[in-house]
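If you want the building blocks of each chain, they are given just below.
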Amino acid sequence: CAALEAVPCAMLVAKLRCEHINLRHAGMGVKGAKALAAALAVNEHIRSLNLGDNAFGDDGCAAFVGLSNTTLTSLNLADNQIGFHGMRSLASALPGVPSLRELVLKGNALDDRAAVPLTDALSGPAAASLTRLDV
């Protein structure tokens, strides 16, 4: 967090051993998304993560490309100004999170173009465990 000058550093570090983390409205932005993606890559505790309304946008979603996490089951990215390019990034990250059962994307700038990468990701083995999608 410090290297990226990310806002929620203390909040995130304090919760890394929790199973359920709510960082909704934490003002994380793109830098916070990068810090969080780095933490998730090595974290084996977090099961549920609410990141709604953190202004990640498409650039923040790019931080999750290449993510590998086998414990995360619920991810809420609602109201984060995610559009087509962000959805492409998220779709490419889904195979690295095979345990994901719930994905919340409502309230973003998703249009018909954004549906294509999401549909492609959901029709592959990456989404085998996904049981709830909220767009």
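Residues numbered from 1 in each chain as written. Predicted model: local features only at pLDDT ≥ 70, side-chain atom pairs only at ≥ 80, totals over all residues. Heavy atoms only, no water.

**Here we look at unusual backbone geometry**
(1) Moving on: With a phi angle near 60°, His25 is a residue other than glycine that sits in the positive phi range.
(2) Moving on: Looking at the secondary structure, you find His25 in the loop between strand 1 (20-22) and helix 2 (29-42).
(3) Moving on: Owing to a relative accessible area of 53%, His25 belongs among the exposed residues under this scheme.
(4) Moving on: The backbone of Gln81 shows a phi angle near 60°, a positive value even though the residue is not glycine.
(5) Moving on: With respect to the helices and strands, Gln81 occurs in the loop between strand 3 (74-76) and helix 4 (84-93).
(6) Moving on: In this structure Gln81 comes out as exposed when scored by relative accessible area, which is 56%. (Helix = DSSP H or I, 4+ residues; strand = E, 2+ residues; numbered from the N terminus. Buried < 20%, exposed > 50% of the residue type's maximum accessible area, 1.4 Å probe, protein only.)

**Let's talk about the nonpolar core**
(1) Moving on: Leu49, Leu51, Phe64, Leu75, Leu77 and Leu100 are the most contacted members of the largest nonpolar core, which totals 33 residues.
(2) Moving on: Going through the elements one at a time, helix 2, helix 4 and helix 5 (112-122) are the ones with two or more residues in this core.
(3) Moving on: Once you skip the residues sitting within four places of it in the chain, Leu75 turns out to touch Leu49, Leu51, Leu100, Glu102, Leu103 and Val104. (Core = buried A, V, L, I, M, F, W, Y, C linked by side-chain atoms within 4.5 Å. Contact = heavy atoms within 4.5 Å.)

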